[in-house]
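Listed below, chain by chain, are the residues.
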There are 2 protein chains.
Amino acid sequence: MAARRNNSKGRPRNAEATRQRILAAASDEFSRHGFAGARIDRVAGLAGANKRMIYAYFGSKDQLYEALMERKIAEWVEAVPFTPNELDAYAAARFDYMQAHPEVRRLAAWRTFERSKPTTAERAIYQTRIDALSAAQRAGKVSAAIPAADLYAMVARLTESWLNAPPALLATSRSPLGFKRLAQHRKALLRAVRLLSEPR
Amino acid sequence: MAARRNNSKGRPRNAEATRQRILAAASDEFSRHGFAGARIDRVAGLAGANKRMIYAYFGSKDQLYEALMERKIAEWVEAVPFTPNELDAYAAARFDYMQAHPEVRRLAAWRTFERSKPTTAERAIYQTRIDALSAAQRAGKVSAAIPAADLYAMVARLTESWLNAPPALLATSRSPLGFKRLAQHRKALLRAVRLLSEPR
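Residues numbered from 1 in each chain as written. Chains lettered and ligands numbered in written order. Predicted model: local features only at pLDDT ≥ 70, side-chain atom pairs only at ≥ 80, totals over all residues. Heavy atoms only, no water.

### Examining the overall build of chain A
Turning to step 1, where the next piece is worked out: When you go through chain A residue by residue, the secondary structure sums to 11 helices and 0 strands.
Turning to step 2, where the next piece is worked out: Scanning chain A from its N terminus toward the C terminus, one meets helices and strands in the order α-α-α-α-α-α-α-α-α-α-α.
Turning to step 3, where the next piece is worked out: Surface accessibility of chain A: about 10000 Å² in total, with carbon and sulfur atoms responsible for 52%. (Helix = DSSP H or I, 4+ residues; strand = E, 2+ residues; numbered from the N terminus. Areas by Shrake-Rupley, 256 points an atom, 1.4 Å probe, with all protein chains shown as cover.)

### Here we look at the packing of helix 6 (residues 87-100) of chain A against helix 9 (residues 148-158) of chain A
All names here are of chain A.
Turning to step 1, where the next piece is worked out: With their axes 9 Å apart at the nearest point, helix 6 and helix 9 run at an angle of 40 degrees to one another. Considered as vectors, helix 6 and helix 9 are oriented oblique to each other. Between helix 6 and helix 9 lies a crossing of right-handed hand. Along the contact surface, helix 6 presents L87, Y90, A91 and R94, while helix 9 presents L151, Y152, V155, A156 and R157. (Axes fitted to C-alpha atoms, helices over the stretch in contact; angles between N-to-C directions. Parallel < 35°, antiparallel > 145°, perpendicular 65-115°, else oblique. Left-handed = near helix turned anticlockwise from the far one by under 90°. Contact = heavy atoms within 4.5 Å.)

### Let's talk about the relation of the copies chain A and chain B
Turning to step 1, where the next piece is worked out: Rotating chain A by 180 degrees and translating it 0.1 Å along the rotation axis places it on chain B, where the RMSD comes to 0.1 Å. The symmetry that links the two subunits is that of a two-fold axis.
Turning to step 2, where the next piece is worked out: Looking at chain A, 100% of its interface residues are interface residues in chain B too, so the copies touch through the same face. (Least-squares fit on C-alpha atoms with pLDDT ≥ 70 in both.)

### Some remarks on the interface of chain A and chain B
Turning to step 1, where the next piece is worked out: Each partner contributes to the interface: chain A provides 49 residues, whereas chain B provides 49 residues.
Turning to step 2, where the next piece is worked out: When the two sides are added together, the surface that chain A and chain B hide from each other amounts to roughly 4500 Å², 72% of it contributed by carbon and sulfur.
Turning to step 3, where the next piece is worked out: Our count for the chain A to chain B interface comes out at 0 salt bridges.
Turning to step 4, where the next piece is worked out: There are 5 residue pairs in polar contact (both at pLDDT 80 or more) connecting chain A and chain B.
Turning to step 5, where the next piece is worked out: Contributions of two or more residues to the side of chain A that touches chain B are made by helix 7 (102-113), helix 8 (120-138), helix 9, helix 10 (167-173) and helix 11 (182-197) of chain A. (Buried area = accessible area lost by both parts, 1.4 Å probe. Salt bridge = Lys/Arg side-chain N within 4 Å of Asp/Glu carboxyl O. Polar contact = N/O pair within 3.5 Å; in protein donor to acceptor, adjacent residues only side chain to side chain.)

### A look at helix 6 of chain A
Residue and element names in this part refer to chain A.
Turning to step 1, where the next piece is worked out: With 14 residues, helix 6 should reach 20 Å at 1.5 Å per residue; the first-to-last C-alpha distance of 20 Å fits that figure.
Turning to step 2, where the next piece is worked out: Those residues of helix 6 that fall on the buried side of the exposure criterion are L87, D88, Y90, A91, A92, R94, F95, Y97 and M98.
Turning to step 3, where the next piece is worked out: Where the residues of helix 6 are buried, they touch helix 5 (61-79), helix 7, helix 8, helix 9 and helix 11. (Expected span 1.5 Å × (residues − 1). Buried < 20%, exposed > 50% of the residue type's maximum accessible area, 1.4 Å probe, protein only.)

### Here's the deal with the pattern of salt bridges
All names here are of chain A.
Turning to step 1, where the next piece is worked out: One pass over the structure, following the stated rule, counts 18 salt bridges over all chains.
Turning to step 2, where the next piece is worked out: A salt bridge links K72 to E103; the shortest N-O distance between them is 3.3 Å. Placement of the pair is K72 in helix 5 and E103 in helix 7, with a sequence separation of 31 residues.
Turning to step 3, where the next piece is worked out: A residue is classified by how much of its surface remains accessible, and K72, at 13% relative accessible area, is buried.
Turning to step 4, where the next piece is worked out: Residue E103 is classed as partly exposed on the basis of its relative accessible area of 23%.

### Some details on the packing of aromatic side chains
Residues and elements named next belong to chain B.
Turning to step 1, where the next piece is worked out: For the structure shown, the criterion picks out 17 aromatic pairs over all chains.
Turning to step 2, where the next piece is worked out: Here F82 and Y90 contribute two aromatic rings whose centre-to-centre distance is 4.9 Å and whose plane-to-plane angle is 85 degrees, an arrangement assigned as edge-to-face. The exposure classification of F82 matches that of Y90, with both residues buried. (Phe/Tyr/Trp six-rings, centres within 6.5 Å; stacked < 30°, edge-to-face > 60°.)

### Here's the deal with the side chain of Q137 of chain B
Residues and elements named next belong to chain B.
Turning to step 1, where the next piece is worked out: Tracing the sequence through the fold places Q137 in helix 8 (residues 120-138).
Turning to step 2, where the next piece is worked out: At 2.8 Å, the side chain of Q137 forms a polar contact with the backbone oxygen of I146.
Turning to step 3, where the next piece is worked out: If near-sequence neighbours (up to four positions away) are discounted, Q137 is found in contact with V142, S143, A144, I146, P147, A148 and L151.

### Some remarks on the layout of surface pockets
Here the idea is plain: a probe the size of a water molecule rolls over the atoms and shows the empty space left.
Turning to step 1, where the next piece is worked out: Of the pockets and cavities examined, the second largest pocket occupies roughly 390 Å³.
Turning to step 2, where the next piece is worked out: Lining the second largest pocket are 17 residues, and of these H33 and W110 of chain A together with H33, G37 and W110 of chain B lie nearest its centre.
Turning to step 3, where the next piece is worked out: Elements that contribute at least two residues to the lining of the second largest pocket include exactly helix 2 (11-37) and helix 7 of chain A together with helix 2 (11-37) and helix 7 (102-113) of chain B.
Turning to step 4, where the next piece is worked out: Counted by class, the lining of the second largest pocket contains 6 nonpolar, 4 polar and 7 charged residues. (1 Å grid on protein atoms, 1.4 Å probe; cavity = no way out; pocket = protein on both sides within 12 Å on 5 of 7 lines; lining within 4 Å. Points joined across faces, edges and corners; volume = space filled by probe spheres on them. Nonpolar A, V, L, I, M, F, W, Y, C, P; charged D, E, K, R; others polar.)

### Points about the confidence of the model for chain A
Turning to step 1, where the next piece is worked out: Here chain A averages 87 in pLDDT, and 90% of its residues register 70 or above.
Turning to step 2, where the next piece is worked out: Both confidence scores are given for the complex: pTM 0.85, ipTM 0.83. (pLDDT = per-residue confidence, 0-100.)

### Re the environment of T159 of chain A
Residue and element names in this part refer to chain A.
Turning to step 1, where the next piece is worked out: Tracing the chain through its elements places T159 in the loop between helix 9 and helix 10.
Turning to step 2, where the next piece is worked out: Overall, the relative accessible area of 0% leaves T159 in the buried class.
Turning to step 3, where the next piece is worked out: C-alpha of T159 to C-alpha of F95: the two residues are 64 residues apart in sequence and 5.2 Å apart in space.
Turning to step 4, where the next piece is worked out: Filtering out sequence-adjacent residues up to four positions away, T159 remains in contact with A91, R94, F95 and L189.

### Section: the environment of M98 of chain B
Residue and element names in this part refer to chain B.
Turning to step 1, where the next piece is worked out: If you trace the backbone, M98 turns up in helix 6 (residues 87-100).
Turning to step 2, where the next piece is worked out: The spatial distance from the C-alpha of M98 to the C-alpha of Y57 is 29 Å, given a sequence separation of 41 residues.
Turning to step 3, where the next piece is worked out: Those residues in contact with M98 that sit more than four places away from it in its chain are W76, V104, R105 and L163.

Right under this line is the structure:
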């Protein structure tokens, strides 16, 4: 905040630029190596900063990671709004975002893998969405065949069917039976989400 | 093979027991740390063997990993037969197996995560299954709404909707809106697979 307030003085602008460079480097490092494997030395090297600066700006490895995740989650929530009444549109947007942001996919995969403690904000996002989906089911806008929490988890996983598929299955997918082109798979994804969610 | 042929002499039986102990230790180590992070010293410690013995039995870290994966894949294929005409039963069996074998889940997740080179055997398994599913669609036993390769990938991911869910979503799932009991989620999973695959 101080940086923004004093932008006219020049130096705080540099401070903000350094902060951004450190966060970009942290995104690279944490998405490659996970939280446990990430090294602050490498973040410093990538950011063209030194370790002391990183600690001065962010406090600790934990806090740097938290600042990064907070920003990534905010960007993702902003870019892929949850639309319970049009789950297929949500799935398509989520698929496109994950496709375009491999580092977000890897950060998320590491979080699951390392069983990171969820933040209060993350939990609130999911809870709000499940509540909204449940309301859409009660209003008859979404099929109630599958309970809201399950349906939400399923739709999320479906958007990653190929993105997170085992390497051997990916190898197969290039066969004539596979999806060949992304557009074909995207169509199949939308179809699947409709089959699970459209009221009939 | 030599070990089996000479079982009556006693020493080869020990050799086989050592081999088994090493593989069990390798399963623990590779599922915890992935291929890159695994340490042969720790495998030796866990197996009550020494590093030289491991290299004598398996050749290298690479070959130990391959021997382990070969066995794990064979066990999994044996325990969860693919039944293209009853995809819901397959999904239920896959879910139960993954539930009961967290180390298999982690080994598989690492493989995806580390982008391991798929083995010829693995690729053949997937290709055979996608071919069989495609045939079931042509025969009208399975809905052709979703192409076979996509459907296979989707059903596999659906069985892991909660098992591989983000920690924050898992935290939500214990809410009254969540699945609370595994049996409820298992039911929702079967329902989802039927919606995607039942001919109508």
